[in-house]
Amino acid sequence: INAVPLPAEAYYPGLQSFVTSEAVAAAEKARQVAKTNLDKLTISKKAEPHAVADAKQQLAVAEAEVAAVKARIAAEQARYNSPPPADANELRLAAAEATRRVALLRAQHTLDKAKRSKAAAEAMTDGDKKKIKAVKDANTALNKAKKNIANAEKPVDAKNPSYPALSKQFPQTSTGRRLALAKWITDKRNPLTARVAVNHIWMRHFGKPLVASVFDFGMNGSEPTHPELLDWLAVELMEHDWNLKHIHRLIVTSRTYRMRSTVGADSVPAADRDNVFYTRMNPRPLEGEAVRDALLAVAGRLDLKMGGPELDHNAGMTTYRRSVYYRHAIEKQMGFLKLFDAASPSECYRRARTLVPQQALALANSTLAIDMSRTLAGSLSKQYADDPAFVQGAFKRILCRDANPDETRACLAFLAEQSAMLTAKKGTPHTSGPKPKTSPAKSPQQRAREGLVHALFNHHEFVTIR
């Protein structure tokens with residue numbers, strides 16, 4: 001077991017992009033609050049002069065804080081870059097000076113407040129018992145503010161510029177125990193790991209695993225239905241440096257995976273009714289996270305930003321990050337994902353599969369589905385002017401195939417009927433429940449197209465892998 005040197009972003013989280021962006025955003029927000037407060041006082045006829053002066057000082061401090069945060073980020077990124085840039089020391093000096101300026105402005109603000117407090121205390125009635133204590137407290141605050149001013153006025157040490165770190169720093173090396181354990185687990189002399197891994201991959205592509213007891217590969221577990229295949233895939237994974245993409249590509253481009261899933265009289269051999277030998281493909285429901293992400297991706301609204309802290313699960317219907325980034329705990333799960341059999345927070349072996357009416361209702365009534373329907377209909381209408389072309393474009397975009405003649409006729413009839421009904425003002429948008437972000441189109445024809453897209457989002461092929 002050997003100690004492992006860690007990259008700077010591992011032992012110094014403040015260098016992470018999401019930490020720096022949050023720090024800048026917080027400083028910008030504080031500046032905006034200070035500016036709004038000053039604007040209100042400026043236009044108010046009842047505002048006291050000292051209140052306006054105080055608000056101006058607060059804004060100056062907030063603006064200096066924004067500059068200081070940005071300067072510290074630039075200095076730290078240059079300092080921990082390898083090799084550091086030529087202007088790394090100049091950036092450190094600038095960060096130290098910006099930090100000193102914030103301290104000076106804040107100390108001056110505190111000093112002015114202390115002076116006003118002392119003046120107010122001295123103006124109290126001589127007989128007031130609270131006056132002595134008020135004057136004493138004001139003098140104490142004033143003396144402390146003067147010391148802070150004196151400290152802030154000291155020039156920056158050019159040889160050793162200092163400023164607050166962006167975050168707490170941790171040891172720069174790890175013990176190496178986790179790396180040693182990982183190497184032991186993935187050693188080729190221990191094929192169990194590879195077998196478990198490829199069994200999970202196979203299960204997620206085909207809907208059922210090669211070893212039914214995915215949680216137990218021991219003597220009490222189930223025997224593999226295809227032991228040679230399991231071993232061959234395990235060897236493939238290890239020999240290709242544990243590259244999971246290689247296994248995924250191998251499976252999805254195989255003849256087995258690409259077989260027809262349609263069940264007909266001639267497509268189900270009597271000897272394999274349960275499809276143990278994969279004589280056809282098993283259709284299966286799409287995972288809940290994939291359903292939500294597909295809605296956003298098809299409409300062109302999926303946020304592909306990588307990394308960052310977990311997001312509030314209650315914001316899943318109004319924000320567009322990938323589903324994997326939202327909080328997922330026993331009592332904190334996105335309602336939409338729970339309906340579509342989201343992953344269990346207590347175990348990670350195999351998902352339960354259900355088919356319930358609430359899933360169709362979620363796609364039909366959720367604000368996310370309605371918003372994406374209106375968004376996608378608007379973008380498709382810019383590409384396809386006439387209805388037949390729009391129908392084909394919608395099918396290709398949502399279901400990844402062309403509409404057959406019967407479907408095309410049904411969709412065109414729907415568009416015509418809906419347009420006529422909306423033109424006659426017999427149809428109005430739903431007013432109950434949460435209001436979608438995107439307003440319905442004013443044109444009856446476009447409203448009808450939005451309805452068609454919404455219907456295709458509810459098509460069983462959109463939520464089924466075939």
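Residues numbered from 1 in each chain as written. Predicted model: local features only at pLDDT ≥ 70, side-chain atom pairs only at ≥ 80, totals over all residues. Heavy atoms only, no water.

Some thoughts on the overall build of the protein
Of regular secondary structure, the protein possesses 16 helices and four strands. Here the protein has a C-alpha radius of gyration of 32 Å; the compact-globule value for 466 residues is 23 Å, and the former is much larger. Its C-alpha atoms give the protein principal-axis dimensions of roughly 105 × 75 × 50 Å. A buried classification covers 34% of the 466 residues belonging to the protein. (Helix = DSSP H or I, 4+ residues; strand = E, 2+ residues; numbered from the N terminus. Rg over C-alpha atoms; globule rule 2.2 N^0.38 Å. Buried < 20%, exposed > 50% of the residue type's maximum accessible area, 1.4 Å probe, protein only.)

Observations regarding a nonpolar patch on the surface
A cluster of nonpolar side chains, L181, W184 and I185, forms an exposed patch at the surface whose accessible area comes to about 330 Å². One can find W184 in helix 6 (residues 177–185). (Patch = residues over 30% accessible without salt bridge, like charges linked within 9 Å, V, L, I, M, F, W, Y side chains within 5 Å. Areas by Shrake-Rupley, 256 points an atom, 1.4 Å probe, with all protein chains shown as cover. Salt bridge = Lys/Arg side-chain N within 4 Å of Asp/Glu carboxyl O.)

Here we look at the state of the cysteines
Here the structure, examined in full by the defined rule, presents zero disulfides. Between C400, a free cysteine, and C411, which holds the nearest cysteine sulfur, the sulfur-to-sulfur gap is 16 Å. (Disulfide = S-S within 2.5 Å.)

A closer look at the packing of helix 14 (residues 387–399) against helix 16 (residues 444–457)
Closest axis-to-axis distance for the helix 14/helix 16 pair is 10 Å, and the angle between their directions is 30°. In terms of orientation, helix 14 lies roughly parallel with respect to helix 16. In terms of crossing hand, the pair formed by helix 14 and helix 16 is right-handed. For the pair helix 14 and helix 16, contact is made by D387, F390, V391, A394, F395, I398 and L399 and by R449, L452, V453, L456 and F457, respectively. (Axes fitted to C-alpha atoms, helices over the stretch in contact; angles between N-to-C directions. Parallel < 35°, antiparallel > 145°, perpendicular 65-115°, else oblique. Left-handed = near helix turned anticlockwise from the far one by under 90°. Contact = heavy atoms within 4.5 Å.)

Brief notes about helix 9 (residues 244–252)
Residues H246, I247 and I251 constitute the buried set of helix 9. Projected down its long axis, helix 9 carries its buried residues within an arc of 125°, all on one side. The outward face of helix 9, more than 90 degrees from its buried face, is lined by the exposed residues K245 and R249. Turning to helix 9, the residues buried within the fold contact helix 7 (192–206) and helix 8 (227–239). Looking at where helix 9 begins, the residue whose side-chain oxygen comes 3.0 Å from the main-chain nitrogen of K245 is N243. (Arc of directions from axis to C-beta. Polar contact = N/O pair within 3.5 Å; in protein donor to acceptor, adjacent residues only side chain to side chain.)

As for the nonpolar core
Counting 39 residues, the largest nonpolar core has L295, F336, M372, L376, I398, F457 and F462 as the members making the most contacts within it. For this core, the secondary-structure elements that each account for two or more residues are helix 10 (288–298), helix 11 (335–339), helix 12 (357–365), helix 13 (367–383), helix 14, helix 15 (405–423) and helix 16. Apart from the residues within four sequence positions on either side, F336 is in contact with V291, R292, L295, M317, A362, L363 and S366. Membership of the second largest hydrophobic core comes to 16 residues, among which are A194, W202, F206 and M238. (Core = buried A, V, L, I, M, F, W, Y, C linked by side-chain atoms within 4.5 Å.)

Regarding the packing of aromatic side chains
One pass over the structure, following the stated rule, counts nine aromatic pairs. On the numbers, 5.7 Å between centres and 90° between planes, the contact of F206 with Y257 is edge-to-face. Separated by 51 residues along the polypeptide, F206 in helix 7 and Y257 in the loop between helix 9 and strand 3 (284–285) bring together distant segments of the chain. Within the aromatic cluster, the residues linked to one another by ring pairs are W202, F206, Y257 and Y278. (Phe/Tyr/Trp six-rings, centres within 6.5 Å; stacked < 30°, edge-to-face > 60°.)

Things to note about the packing of helix 8 against helix 9
Closest axis-to-axis distance for the helix 8/helix 9 pair is 8 Å, and the angle between their directions is 140°. Judged by the inter-axis angle, helix 8 sits oblique to helix 9. Pair helix 8 / helix 9 crosses with right-handed handedness. Facing W232, L233, E236 and L237 of helix 8, the residues of helix 9 in contact are L244, H246, I247 and L250. Here the residues of the contact of helix 8 with helix 9 are counted per class, giving six nonpolar, one polar and one charged. (Nonpolar A, V, L, I, M, F, W, Y, C, P; charged D, E, K, R; others polar.)

Some details on the pattern of salt bridges
In total, this model carries 19 salt bridges according to the counting rule given. A salt bridge links K70 to E28; the nearest nitrogen and oxygen atoms lie 3.4 Å apart. Here K70 is found in helix 3 (residues 49–79), whereas its partner E28 is found in helix 2 (residues 17–43), with 42 residues between them in sequence. Its relative accessible area of 42% is what places K70 among the partly exposed residues. In this structure, the salt-bridge partner of D137 is K133, at a minimum N-O distance of 2.8 Å. Here K133 and D137 lie together in helix 5 (residues 130–152), a separation of four residues that amounts to about one turn. Note on D137: relative accessible area 40%, which makes it partly exposed. According to the relative accessible area criterion, K133 is exposed, its value standing at 55%. Overlapping salt bridges, with partners in common, bring together E28, R31 and K70 in one network.

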